[in-house]
Amino acid sequence: MLEPSDIQGIVFSGYQKKPFATYLMLDIVEPALATAWLRSIAECVTTGADRPADTCLNIALTASALTALGLDRDALSTFPLELREGMAGSETRSRTLGDVEDNHPDSWLWGGPNKPVHVLLMLYARTENLLEELVAQQESRFSGALRCVRRQDTQSLPDRREHFGFADGIAQPVIDGAPRTGVLPTRTVEAGEFLLGHKNEYGKLPFVPNVAPERDPAGQLPECQTEGGKRRSLGHNGSYLVVRQLDQHVHEFWSYMREYAGASGDAIELAAKCVGRWPSGAPLTLSPDRDRPALGNANTFGYWLTDREGQRCPVGAHIRRANPRDSLEPDPHSSLKVSDRHRIMRRGRSYGPAVDKPWSCESDDGVQRGLMFMGVNANIRRQFEFIQQTWINNPKFSGLYDEVDPLIGRREGIASAFSIPSTPVRRRCTGLPRFVRVRGGEYFFLPGLRALRFLTTLRQSATDAEPVPSR
Ligand code: N7H
(Lines give C-alpha, C1' and ligand atoms only; values in the text may rest on other atoms or scores of the structure.)
Protein backbone atom coordinates (compact mmCIF):
# COMPACT_ATOMS: atom_id res chain seq x y z
CA MET A 1 0.00 0.00 0.00
CA LEU A 2 1.30 3.46 -0.86
CA GLU A 3 0.95 6.28 1.66
CA PRO A 4 0.10 9.33 -0.48
CA SER A 5 0.06 11.63 2.57
CA ASP A 6 3.79 10.92 3.09
CA ILE A 7 4.69 11.45 -0.59
CA GLN A 8 5.14 14.77 -2.37
CA GLY A 9 2.31 15.36 -4.83
CA ILE A 10 4.57 15.87 -7.84
CA VAL A 11 5.28 12.14 -7.88
CA PHE A 12 1.63 11.51 -8.74
CA SER A 13 0.61 14.66 -10.57
CA GLY A 14 1.90 17.32 -12.94
CA TYR A 15 -0.69 19.73 -11.44
CA GLN A 16 -2.28 20.41 -14.82
CA LYS A 17 -5.15 22.24 -13.10
CA LYS A 18 -2.59 24.75 -11.85
CA PRO A 19 -1.35 26.16 -15.18
CA PHE A 20 0.82 28.89 -13.58
CA ALA A 21 4.12 27.80 -12.07
CA THR A 22 7.40 29.30 -10.92
CA TYR A 23 10.56 27.52 -9.85
CA LEU A 24 12.81 29.19 -7.31
CA MET A 25 16.39 27.96 -7.19
CA LEU A 26 17.75 28.91 -3.79
CA ASP A 27 20.94 28.65 -1.81
CA ILE A 28 21.18 28.48 1.94
CA VAL A 29 22.96 31.43 3.53
CA GLU A 30 21.98 30.92 7.18
CA PRO A 31 21.67 27.23 8.03
CA ALA A 32 19.92 27.72 11.38
CA LEU A 33 17.36 30.09 9.84
CA ALA A 34 17.00 27.76 6.88
CA THR A 35 16.12 24.93 9.24
CA ALA A 36 13.43 27.05 10.86
CA TRP A 37 12.14 28.03 7.42
CA LEU A 38 12.05 24.40 6.31
CA ARG A 39 10.08 23.51 9.44
CA SER A 40 7.39 26.01 8.51
CA ILE A 41 7.43 25.00 4.83
CA ALA A 42 7.05 21.31 5.65
CA GLU A 43 3.50 22.05 6.74
CA CYS A 44 2.64 23.67 3.39
CA VAL A 45 3.99 20.93 1.11
CA THR A 46 1.34 19.43 -1.16
CA THR A 47 1.18 15.68 -0.72
CA GLY A 48 -0.26 12.96 -2.90
CA ALA A 49 -3.31 12.92 -0.64
CA ASP A 50 -4.09 16.64 -0.97
CA ARG A 51 -6.37 18.22 -3.58
CA PRO A 52 -5.82 21.95 -3.01
CA ALA A 53 -8.07 24.20 -5.07
CA ASP A 54 -5.69 27.10 -5.62
CA THR A 55 -2.00 26.45 -5.07
CA CYS A 56 0.53 23.65 -4.68
CA LEU A 57 4.05 23.65 -3.31
CA ASN A 58 6.77 21.01 -3.52
CA ILE A 59 10.39 21.12 -2.43
CA ALA A 60 13.57 19.31 -3.38
CA LEU A 61 17.07 19.43 -1.88
CA THR A 62 20.59 18.91 -3.21
CA ALA A 63 23.23 16.95 -1.33
CA SER A 64 24.80 20.25 -0.20
CA ALA A 65 21.47 21.28 1.30
CA LEU A 66 21.35 18.05 3.31
CA THR A 67 24.79 18.81 4.74
CA ALA A 68 23.85 22.42 5.46
CA LEU A 69 20.78 21.20 7.34
CA GLY A 70 23.05 19.12 9.56
CA LEU A 71 22.93 15.64 8.02
CA ASP A 72 26.09 13.84 9.11
CA ARG A 73 28.65 12.32 6.76
CA ASP A 74 27.66 8.79 7.65
CA ALA A 75 24.06 9.39 6.52
CA LEU A 76 25.08 11.44 3.49
CA SER A 77 27.30 8.61 2.29
CA THR A 78 24.21 6.41 1.96
CA PHE A 79 22.92 8.61 -0.88
CA PRO A 80 23.88 7.56 -4.41
CA LEU A 81 27.02 9.04 -5.95
CA GLU A 82 24.99 10.86 -8.63
CA LEU A 83 23.21 12.90 -5.97
CA ARG A 84 26.33 13.51 -3.91
CA GLU A 85 28.35 14.65 -6.92
CA GLY A 86 25.54 16.57 -8.56
CA MET A 87 24.66 16.76 -12.25
CA ALA A 88 27.77 18.78 -13.03
CA GLY A 89 29.95 17.13 -10.40
CA SER A 90 32.54 15.58 -12.69
CA GLU A 91 33.75 15.80 -16.27
CA THR A 92 32.87 12.13 -16.69
CA ARG A 93 29.26 12.80 -15.76
CA SER A 94 29.13 15.82 -18.07
CA ARG A 95 30.42 13.71 -20.95
CA THR A 96 27.96 10.94 -20.09
CA LEU A 97 25.08 13.39 -20.28
CA GLY A 98 26.36 15.14 -23.40
CA ASP A 99 27.05 18.32 -21.42
CA VAL A 100 30.10 19.34 -23.40
CA GLU A 101 31.04 22.37 -25.53
CA ASP A 102 27.99 24.70 -25.72
CA ASN A 103 26.16 22.57 -23.15
CA HIS A 104 29.01 22.58 -20.64
CA PRO A 105 28.09 23.45 -17.01
CA ASP A 106 30.63 26.31 -17.07
CA SER A 107 28.13 28.31 -19.10
CA TRP A 108 24.98 27.37 -17.18
CA LEU A 109 22.67 30.01 -15.75
CA TRP A 110 22.26 28.01 -12.55
CA GLY A 111 23.60 24.77 -11.13
CA GLY A 112 27.09 23.69 -12.07
CA PRO A 113 30.29 25.02 -10.55
CA ASN A 114 29.53 28.73 -10.89
CA LYS A 115 25.97 28.94 -9.61
CA PRO A 116 25.33 26.09 -7.16
CA VAL A 117 21.86 25.74 -5.72
CA HIS A 118 20.68 24.01 -2.56
CA VAL A 119 16.92 24.07 -2.71
CA LEU A 120 14.34 23.94 -5.46
CA LEU A 121 10.97 25.39 -4.55
CA MET A 122 8.23 24.48 -7.01
CA LEU A 123 5.21 26.76 -6.82
CA TYR A 124 1.98 26.18 -8.76
CA ALA A 125 -1.27 28.12 -8.90
CA ARG A 126 -4.65 28.19 -10.60
CA THR A 127 -4.33 31.85 -11.64
CA GLU A 128 -1.50 34.27 -12.31
CA ASN A 129 -2.49 36.44 -9.34
CA LEU A 130 -2.52 33.48 -6.98
CA LEU A 131 0.95 32.54 -8.18
CA GLU A 132 2.32 36.05 -7.64
CA GLU A 133 0.86 36.04 -4.11
CA LEU A 134 2.39 32.66 -3.41
CA VAL A 135 5.82 33.68 -4.71
CA ALA A 136 5.78 36.93 -2.70
CA GLN A 137 4.69 35.06 0.43
CA GLN A 138 7.47 32.49 0.00
CA GLU A 139 10.13 35.12 -0.75
CA SER A 140 9.33 36.93 2.46
CA ARG A 141 9.41 33.68 4.39
CA PHE A 142 12.87 32.57 3.28
CA SER A 143 14.45 36.02 3.20
CA GLY A 144 17.60 36.08 5.32
CA ALA A 145 17.82 32.29 5.41
CA LEU A 146 18.13 31.57 1.70
CA ARG A 147 19.03 33.57 -1.38
CA CYS A 148 17.34 33.24 -4.75
CA VAL A 149 19.93 32.14 -7.34
CA ARG A 150 17.36 32.06 -10.12
CA ARG A 151 13.65 32.51 -10.51
CA GLN A 152 12.28 30.64 -13.51
CA ASP A 153 8.73 31.45 -14.48
CA THR A 154 6.99 28.99 -16.75
CA GLN A 155 4.44 29.25 -19.51
CA SER A 156 1.53 26.93 -20.25
CA LEU A 157 1.24 26.78 -24.02
CA PRO A 158 -2.15 26.15 -25.66
CA ASP A 159 -3.27 22.56 -26.35
CA ARG A 160 -0.56 21.19 -23.97
CA ARG A 161 2.02 21.97 -26.68
CA GLU A 162 5.71 22.59 -26.16
CA HIS A 163 7.64 25.24 -28.13
CA PHE A 164 8.32 23.21 -31.28
CA GLY A 165 4.53 22.86 -31.55
CA PHE A 166 4.00 19.25 -30.43
CA ALA A 167 1.65 17.98 -27.73
CA ASP A 168 3.77 16.85 -24.79
CA GLY A 169 3.32 14.94 -21.54
CA ILE A 170 1.16 12.20 -23.07
CA ALA A 171 3.14 9.05 -22.36
CA GLN A 172 3.66 8.69 -18.62
CA PRO A 173 4.21 5.56 -16.60
CA VAL A 174 1.32 4.62 -14.31
CA ILE A 175 2.61 3.77 -10.82
CA ASP A 176 1.29 0.51 -9.44
CA GLY A 177 -0.91 1.33 -6.43
CA ALA A 178 -1.01 5.09 -7.08
CA PRO A 179 -4.23 7.02 -6.65
CA ARG A 180 -5.54 7.12 -10.23
CA THR A 181 -7.47 10.09 -11.39
CA GLY A 182 -9.14 9.55 -14.71
CA VAL A 183 -6.36 7.33 -16.05
CA LEU A 184 -7.60 4.35 -18.02
CA PRO A 185 -6.39 1.01 -16.69
CA THR A 186 -3.16 0.25 -18.46
CA ARG A 187 0.22 -1.31 -17.96
CA THR A 188 1.60 -0.25 -14.59
CA VAL A 189 5.16 0.09 -13.35
CA GLU A 190 6.27 -0.99 -9.87
CA ALA A 191 6.23 1.86 -7.33
CA GLY A 192 9.90 1.27 -6.52
CA GLU A 193 10.86 2.77 -9.89
CA PHE A 194 9.63 6.13 -8.61
CA LEU A 195 9.57 5.81 -4.83
CA LEU A 196 12.32 4.74 -2.47
CA GLY A 197 11.49 1.99 -0.01
CA HIS A 198 9.24 0.09 -2.42
CA LYS A 199 9.68 -2.95 -4.63
CA ASN A 200 11.07 -2.11 -8.08
CA GLU A 201 10.86 -3.72 -11.52
CA TYR A 202 13.53 -6.25 -10.52
CA GLY A 203 11.18 -7.43 -7.77
CA LYS A 204 13.68 -6.09 -5.23
CA LEU A 205 13.66 -3.59 -2.41
CA PRO A 206 16.66 -1.48 -3.37
CA PHE A 207 19.07 0.21 -0.96
CA VAL A 208 17.59 3.36 0.61
CA PRO A 209 19.42 6.33 2.18
CA ASN A 210 19.38 5.92 5.92
CA VAL A 211 20.60 7.27 9.25
CA ALA A 212 21.97 5.72 12.43
CA PRO A 213 19.17 5.16 14.99
CA GLU A 214 20.79 7.49 17.53
CA ARG A 215 20.33 10.32 15.01
CA ASP A 216 16.58 9.73 15.20
CA PRO A 217 15.92 9.46 18.94
CA ALA A 218 12.27 10.41 18.54
CA GLY A 219 11.77 7.57 16.04
CA GLN A 220 10.36 9.83 13.33
CA LEU A 221 11.66 7.69 10.50
CA PRO A 222 10.54 4.15 9.70
CA GLU A 223 12.91 1.24 10.14
CA CYS A 224 15.12 0.61 7.15
CA GLN A 225 14.16 -2.80 5.80
CA THR A 226 17.24 -3.21 3.63
CA GLU A 227 19.41 -2.73 6.73
CA GLY A 228 17.49 -5.35 8.67
CA GLY A 229 15.80 -2.65 10.79
CA LYS A 230 19.12 -1.59 12.33
CA ARG A 231 18.99 1.86 10.75
CA ARG A 232 16.26 4.38 9.98
CA SER A 233 15.07 4.99 6.45
CA LEU A 234 15.51 8.60 5.34
CA GLY A 235 14.64 7.79 1.76
CA HIS A 236 11.32 6.07 2.46
CA ASN A 237 8.59 7.52 0.23
CA GLY A 238 11.09 9.92 -1.27
CA SER A 239 12.52 10.02 -4.76
CA TYR A 240 15.02 11.90 -6.93
CA LEU A 241 14.24 14.78 -9.21
CA VAL A 242 16.33 15.45 -12.31
CA VAL A 243 16.02 19.03 -13.50
CA ARG A 244 17.42 20.36 -16.76
CA GLN A 245 16.78 23.74 -18.26
CA LEU A 246 16.74 23.19 -22.02
CA ASP A 247 16.55 26.20 -24.33
CA GLN A 248 14.76 25.39 -27.58
CA HIS A 249 15.73 27.07 -30.87
CA VAL A 250 12.38 27.07 -32.61
CA HIS A 251 13.44 28.96 -35.72
CA GLU A 252 16.49 26.72 -36.19
CA PHE A 253 14.29 23.64 -35.82
CA TRP A 254 11.64 24.61 -38.34
CA SER A 255 13.98 26.18 -40.90
CA TYR A 256 15.93 22.93 -40.94
CA MET A 257 12.70 20.94 -41.40
CA ARG A 258 11.54 23.22 -44.23
CA GLU A 259 14.89 23.15 -45.97
CA TYR A 260 15.23 19.39 -45.73
CA ALA A 261 11.66 18.66 -46.72
CA GLY A 262 12.27 20.66 -49.91
CA ALA A 263 9.68 22.38 -52.09
CA SER A 264 7.65 19.23 -52.66
CA GLY A 265 8.01 17.83 -49.14
CA ASP A 266 6.15 18.40 -45.91
CA ALA A 267 8.14 20.00 -43.09
CA ILE A 268 5.55 18.98 -40.48
CA GLU A 269 5.78 15.35 -41.57
CA LEU A 270 9.57 15.43 -41.35
CA ALA A 271 9.44 17.00 -37.88
CA ALA A 272 6.89 14.38 -36.81
CA LYS A 273 9.31 11.68 -38.00
CA CYS A 274 11.94 13.20 -35.69
CA VAL A 275 9.55 13.30 -32.71
CA GLY A 276 7.61 10.06 -33.35
CA ARG A 277 4.23 11.75 -32.85
CA TRP A 278 2.33 14.30 -34.96
CA PRO A 279 1.76 17.78 -33.50
CA SER A 280 -1.62 16.69 -32.05
CA GLY A 281 0.16 13.84 -30.25
CA ALA A 282 -1.06 11.09 -32.59
CA PRO A 283 1.66 8.39 -32.73
CA LEU A 284 3.19 7.85 -36.18
CA THR A 285 3.16 4.15 -35.61
CA LEU A 286 -0.66 4.23 -35.46
CA SER A 287 -1.15 6.92 -38.08
CA PRO A 288 1.83 6.99 -40.41
CA ASP A 289 0.47 9.21 -43.20
CA ARG A 290 -1.36 12.06 -41.55
CA ASP A 291 -2.07 13.71 -38.22
CA ARG A 292 -5.23 12.37 -36.61
CA PRO A 293 -6.05 14.46 -33.52
CA ALA A 294 -8.51 11.77 -32.37
CA LEU A 295 -5.40 9.68 -31.59
CA GLY A 296 -3.72 12.53 -29.70
CA ASN A 297 -3.87 10.68 -26.37
CA ALA A 298 -3.06 7.24 -27.73
CA ASN A 299 -0.48 5.52 -25.62
CA THR A 300 -1.18 1.81 -25.74
CA PHE A 301 0.95 0.93 -28.74
CA GLY A 302 4.12 -0.95 -29.48
CA TYR A 303 6.48 -1.12 -32.43
CA TRP A 304 7.33 -4.81 -32.73
CA LEU A 305 4.30 -6.17 -34.55
CA THR A 306 3.57 -3.44 -37.06
CA ASP A 307 6.61 -1.22 -37.22
CA ARG A 308 9.72 -3.22 -36.42
CA GLU A 309 11.87 -1.59 -39.10
CA GLY A 310 10.62 1.90 -38.33
CA GLN A 311 8.84 2.49 -41.64
CA ARG A 312 6.17 4.38 -39.70
CA CYS A 313 7.97 5.73 -36.65
CA PRO A 314 11.72 5.80 -37.36
CA VAL A 315 13.81 3.72 -34.97
CA GLY A 316 15.82 6.84 -34.08
CA ALA A 317 12.78 9.10 -33.42
CA HIS A 318 12.80 10.88 -30.06
CA ILE A 319 9.96 8.91 -28.45
CA ARG A 320 11.31 5.58 -29.68
CA ARG A 321 14.75 6.26 -28.25
CA ALA A 322 13.36 7.67 -24.97
CA ASN A 323 11.13 4.61 -24.51
CA PRO A 324 11.67 1.80 -27.03
CA ARG A 325 8.68 -0.08 -25.56
CA ASP A 326 8.57 -3.57 -27.14
CA SER A 327 11.04 -2.96 -29.97
CA LEU A 328 14.37 -3.96 -28.40
CA GLU A 329 16.00 -7.30 -29.18
CA PRO A 330 15.49 -10.19 -28.65
CA ASP A 331 11.69 -10.22 -28.32
CA PRO A 332 8.81 -7.89 -27.44
CA HIS A 333 8.15 -9.41 -24.02
CA SER A 334 11.74 -9.05 -22.79
CA SER A 335 11.93 -5.64 -24.41
CA LEU A 336 8.94 -4.34 -22.44
CA LYS A 337 10.55 -5.63 -19.26
CA VAL A 338 13.80 -3.84 -20.10
CA SER A 339 11.99 -0.63 -21.04
CA ASP A 340 10.04 -0.66 -17.78
CA ARG A 341 13.33 -0.54 -15.89
CA HIS A 342 14.23 2.74 -17.55
CA ARG A 343 11.08 4.81 -17.24
CA ILE A 344 10.90 8.33 -15.97
CA MET A 345 7.95 10.41 -14.74
CA ARG A 346 8.12 13.68 -16.67
CA ARG A 347 6.89 16.73 -14.77
CA GLY A 348 8.47 19.54 -16.77
CA ARG A 349 6.95 22.79 -17.99
CA SER A 350 7.76 25.20 -20.79
CA TYR A 351 9.17 28.66 -20.22
CA GLY A 352 9.34 31.73 -22.44
CA PRO A 353 6.66 33.10 -24.77
CA ALA A 354 5.07 30.79 -27.34
CA VAL A 355 5.88 31.28 -31.02
CA ASP A 356 2.72 31.75 -33.05
CA LYS A 357 2.52 28.91 -35.63
CA PRO A 358 6.05 27.66 -34.95
CA TRP A 359 6.20 25.59 -38.19
CA SER A 360 6.06 28.79 -40.25
CA CYS A 361 8.40 30.78 -38.02
CA GLU A 362 10.52 32.87 -40.44
CA SER A 363 13.13 34.50 -38.21
CA ASP A 364 14.86 34.10 -34.89
CA ASP A 365 13.38 36.61 -32.42
CA GLY A 366 16.29 36.03 -30.04
CA VAL A 367 13.92 35.41 -27.10
CA GLN A 368 14.82 32.71 -24.60
CA ARG A 369 12.33 29.85 -24.46
CA GLY A 370 12.47 26.16 -23.75
CA LEU A 371 11.55 23.26 -21.56
CA MET A 372 12.26 22.96 -17.87
CA PHE A 373 12.68 19.19 -18.01
CA MET A 374 11.87 17.50 -14.70
CA GLY A 375 12.04 13.76 -14.26
CA VAL A 376 11.08 11.82 -11.14
CA ASN A 377 12.93 8.52 -10.72
CA ALA A 378 14.17 6.34 -7.88
CA ASN A 379 17.53 5.57 -9.50
CA ILE A 380 19.11 8.43 -11.42
CA ARG A 381 21.86 6.24 -12.86
CA ARG A 382 19.59 3.46 -14.10
CA GLN A 383 16.74 5.68 -15.26
CA PHE A 384 17.54 9.24 -16.36
CA GLU A 385 21.26 8.76 -17.05
CA PHE A 386 20.71 5.45 -18.81
CA ILE A 387 18.08 6.96 -21.12
CA GLN A 388 20.31 9.91 -21.85
CA GLN A 389 23.51 7.91 -22.42
CA THR A 390 22.43 4.55 -23.81
CA TRP A 391 19.42 5.52 -25.86
CA ILE A 392 19.33 9.26 -26.63
CA ASN A 393 23.03 9.94 -27.17
CA ASN A 394 24.09 6.49 -28.38
CA PRO A 395 25.12 6.39 -32.06
CA LYS A 396 24.74 2.58 -31.99
CA PHE A 397 21.15 2.52 -30.73
CA SER A 398 19.00 -0.39 -31.98
CA GLY A 399 20.88 -1.17 -35.20
CA LEU A 400 21.67 2.45 -36.06
CA TYR A 401 25.34 3.26 -36.17
CA ASP A 402 26.18 6.92 -36.49
CA GLU A 403 23.32 9.09 -35.31
CA VAL A 404 21.73 10.26 -32.06
CA ASP A 405 18.34 11.64 -30.97
CA PRO A 406 17.42 14.21 -33.64
CA LEU A 407 15.80 16.60 -31.15
CA ILE A 408 18.00 16.57 -28.09
CA GLY A 409 21.00 14.38 -28.94
CA ARG A 410 24.55 15.65 -28.68
CA ARG A 411 26.10 17.13 -31.80
CA GLU A 412 29.83 16.83 -31.07
CA GLY A 413 31.96 14.18 -32.73
CA ILE A 414 29.16 12.42 -34.61
CA ALA A 415 27.64 12.72 -38.05
CA SER A 416 24.51 14.59 -36.78
CA ALA A 417 22.29 12.62 -39.10
CA PHE A 418 18.82 11.12 -38.92
CA SER A 419 17.63 8.11 -40.94
CA ILE A 420 14.04 7.64 -42.04
CA PRO A 421 13.43 4.06 -43.16
CA SER A 422 11.27 4.03 -46.28
CA THR A 423 10.73 2.01 -49.43
CA PRO A 424 12.58 1.53 -51.73
CA VAL A 425 15.44 3.30 -49.92
CA ARG A 426 15.80 5.03 -46.58
CA ARG A 427 15.94 8.80 -46.43
CA ARG A 428 18.78 10.39 -44.56
CA CYS A 429 18.88 13.93 -43.18
CA THR A 430 22.38 15.19 -42.44
CA GLY A 431 23.96 18.17 -40.75
CA LEU A 432 21.32 18.55 -38.04
CA PRO A 433 22.14 21.70 -36.08
CA ARG A 434 21.67 21.96 -32.33
CA PHE A 435 17.97 22.54 -31.63
CA VAL A 436 18.26 22.36 -27.85
CA ARG A 437 20.89 23.77 -25.49
CA VAL A 438 21.37 22.93 -21.81
CA ARG A 439 21.32 26.10 -19.68
CA GLY A 440 21.24 24.67 -16.17
CA GLY A 441 20.50 21.58 -14.17
CA GLU A 442 20.85 19.64 -10.96
CA TYR A 443 19.94 16.41 -9.21
CA PHE A 444 17.69 16.78 -6.16
CA PHE A 445 16.39 14.58 -3.37
CA LEU A 446 12.59 14.77 -3.16
CA PRO A 447 12.02 13.73 0.45
CA GLY A 448 8.87 12.15 1.79
CA LEU A 449 7.03 14.23 4.39
CA ARG A 450 8.33 12.34 7.43
CA ALA A 451 11.88 12.67 6.11
CA LEU A 452 11.37 16.38 5.45
CA ARG A 453 10.24 16.96 9.02
CA PHE A 454 13.13 14.86 10.31
CA LEU A 455 15.58 17.05 8.37
CA THR A 456 14.32 20.07 10.32
CA THR A 457 15.34 18.52 13.64
CA LEU A 458 19.00 17.89 12.89
CA ARG A 459 20.37 21.29 13.79
CA GLN A 460 18.73 21.24 17.21
CA SER A 461 20.67 18.11 18.08
CA ALA A 462 23.75 18.58 15.91
CA THR A 463 26.82 19.59 17.82
CA ASP A 464 29.03 19.08 14.80
CA ALA A 465 27.14 21.46 12.49
CA GLU A 466 29.23 22.13 9.44
CA PRO A 467 29.50 25.36 7.42
CA VAL A 468 27.36 25.69 4.30
CA PRO A 469 29.09 23.74 1.53
CA SER A 470 29.23 25.18 -1.96
CA ARG A 471 28.64 21.71 -3.37
FE1 N7H B 1 10.90 14.16 -24.63
N2 N7H B 1 9.19 17.50 -27.76
O3 N7H B 1 8.43 18.31 -27.35
O4 N7H B 1 9.50 17.38 -28.91
N5 N7H B 1 9.20 14.33 -25.74
N6 N7H B 1 11.43 16.07 -25.13
N7 N7H B 1 12.52 14.06 -23.35
N8 N7H B 1 10.30 12.35 -23.99
C9 N7H B 1 8.20 13.40 -25.84
O10 N7H B 1 4.83 11.14 -25.41
C11 N7H B 1 10.81 16.91 -26.02
C12 N7H B 1 13.45 15.01 -23.14
C13 N7H B 1 10.96 11.54 -23.08
O14 N7H B 1 6.92 6.80 -23.59
C15 N7H B 1 7.19 13.86 -26.73
O16 N7H B 1 4.44 12.74 -23.99
C17 N7H B 1 11.56 18.15 -26.09
C18 N7H B 1 14.48 14.52 -22.25
C19 N7H B 1 10.18 10.35 -22.82
O20 N7H B 1 6.62 7.00 -25.73
C21 N7H B 1 7.58 15.10 -27.17
C22 N7H B 1 12.59 18.05 -25.21
C23 N7H B 1 14.11 13.24 -21.93
C24 N7H B 1 9.04 10.46 -23.60
C25 N7H B 1 8.86 15.40 -26.56
C26 N7H B 1 12.52 16.74 -24.60
C27 N7H B 1 12.87 12.96 -22.62
C28 N7H B 1 9.14 11.71 -24.31
C29 N7H B 1 5.92 13.12 -27.16
C30 N7H B 1 13.66 19.02 -24.86
C31 N7H B 1 14.80 12.23 -21.03
C32 N7H B 1 7.89 9.46 -23.66
C33 N7H B 1 4.79 13.37 -26.21
C34 N7H B 1 13.61 20.30 -25.11
C35 N7H B 1 16.06 12.09 -20.92
C36 N7H B 1 8.16 8.42 -24.72
C37 N7H B 1 4.67 12.33 -25.12
C38 N7H B 1 7.14 7.31 -24.68
C39 N7H B 1 8.17 12.18 -25.17
C40 N7H B 1 9.63 16.56 -26.75
C41 N7H B 1 13.42 16.29 -23.68
C42 N7H B 1 12.18 11.78 -22.50
C43 N7H B 1 6.74 15.94 -28.14
C44 N7H B 1 11.28 19.36 -26.96
C45 N7H B 1 15.70 15.30 -21.75
C46 N7H B 1 10.54 9.22 -21.85
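Description of the structure in this document.

## Regarding the overall build of the protein
- In terms of regular secondary structure, the protein is built from 14 helices and 15 strands.
- Here the C-alpha radius of gyration of the protein, 22 Å, is about what a compact globule of 471 residues would show, namely 23 Å.
- Summarising its shape, the C-alpha atoms of the protein cover approximately 70 × 45 × 45 Å along the three principal directions.
- Scored against the burial criterion, the 471 residues of the protein give a buried share of 56%.

## As for the coordination of the iron atom of the ligand
- Counting protein donors around the iron atom of the ligand gives one, His-318 (NE2), at 2.1 Å.
- One can find His-318 in helix H10 (residues 318–322).

## Thoughts on the environment of His-342
- The residue His-342 is located in the loop between helix H11 (332–340) and strand E10 (345–346) in this model.
- If we skip the residues at most four places from it in the chain, His-342 touches Arg-382, Gln-383, Phe-386, Ile-387 and Trp-391.

## Considering the site of the ligand
- In the neighbourhood of the ligand, 27 residues make up the surrounding shell, with Glu-162, Ile-170, His-318, Arg-325 and Arg-346 lying closest.
- One of the side-chain N or O atoms of Arg-277 is found 3.2 Å from an oxygen atom in the ligand.
- Taking Arg-346, its side chain carries an N or O atom lying 2.7 Å from an oxygen atom of the ligand.
- Secondary-structure elements contributing two or more residues to the shell around the ligand are strand E9 (239–248), H10, strand E12 (370–377) and helix H12 (381–392).
- Considering every element that reaches the shell around the ligand, the biggest residue donor is H12, with four residues.
- Broken down by class, the residue content of the shell around the ligand amounts to 17 nonpolar, five polar and five charged.

## Observations regarding H11
- Taken as a whole, H11 has its buried residues at Ser-335, Ser-339 and Asp-340. Each buried residue of H11 lies within a common arc of 130 degrees when the element is viewed along its axis, so the set occupies one face.
- Among the structural elements, strand E6 (188–189) and H12 are those in contact with the buried residues of H11.
- For H11, the N-terminal capping position is held by Asp-331, with its side-chain oxygen 3.0 Å away from the main-chain nitrogen of His-333.

## Structural notes on the pairing of E12
- In terms of burial, E12 is a largely internal element, eight of the eight residues being buried.
- Strand direction decides the pairing type here: E9 and E12, joined by eight bridges, are antiparallel. Within E12, the position partnered with Leu-246 by the bridge is Leu-371.
- Relative to E12, E10 is paired through two bridges, and the arrangement is antiparallel.

## So, the packing of helix H1 (residues 31–42) against helix H6 (residues 128–142)
- Contact geometry of H1 with H6 gives a least axis separation of 10 Å together with a crossing angle of 145 degrees. Counted together, Trp-37, Ser-40 and Ile-41 of H1 and Gln-138, Arg-141 and Phe-142 of H6 form the full contact between these two elements.

## Points about the pattern of salt bridges
- For the structure on display, the rule yields 25 salt bridges.
- For Arg-93, the salt bridge goes to Glu-85, with nearest N and O atoms at 2.5 Å.
- Under the relative-accessibility criterion, Arg-93 is labelled buried at 9%.
- For Glu-85, a relative accessible area of 24% corresponds to the partly exposed category.
- Linking Arg-434 and Glu-412 is a salt bridge whose minimum nitrogen-to-oxygen distance equals 2.5 Å. In this pair, Arg-434 is assigned in the loop between strand E14 (427–429) and strand E15 (436–446) and Glu-412 in the loop between H12 and strand E13 (418–420), connecting sequence segments 22 residues apart. The two residues Arg-434 and Glu-412 agree in class, both being buried.
- Connected via shared salt-bridge partners are Glu-85, Arg-93, Arg-381 and Glu-385.

## With respect to the side chain of Ser-280
- One can find Ser-280 in the loop between helix H8 (267–275) and helix H9 (304–307).
- Ser-280 sits in the buried class, given a relative accessible area of 11%.
- If we skip the residues at most four places from it in the chain, Ser-280 touches Arg-160, Arg-161, Ala-167, Asp-291, Arg-292, Pro-293 and Gly-296.

Parameters at a glance
- Residues numbered from 1 in each chain as written.
- Predicted model: local features only at pLDDT ≥ 70, side-chain atom pairs only at ≥ 80, totals over all residues.
- Heavy atoms only, no water.
- Helix = DSSP H or I, 4+ residues; strand = E, 2+ residues; numbered from the N terminus.
- Rg over C-alpha atoms; globule rule 2.2 N^0.38 Å.
- Buried < 20%, exposed > 50% of the residue type's maximum accessible area, 1.4 Å probe, protein only.
- Donors = N, O, S within 2.8 Å, 3.2 Å for Na, K, Ca; no water.
- Contact = heavy atoms within 4.5 Å.
- Near = heavy atom within 4 Å.
- Polar contact = N/O pair within 3.5 Å; in protein donor to acceptor, adjacent residues only side chain to side chain.
- Nonpolar A, V, L, I, M, F, W, Y, C, P; charged D, E, K, R; others polar.
- Arc of directions from axis to C-beta.
- Pairing = 2+ DSSP bridges.
- Axes fitted to C-alpha atoms, helices over the stretch in contact; angles between N-to-C directions.
- Salt bridge = Lys/Arg side-chain N within 4 Å of Asp/Glu carboxyl O.

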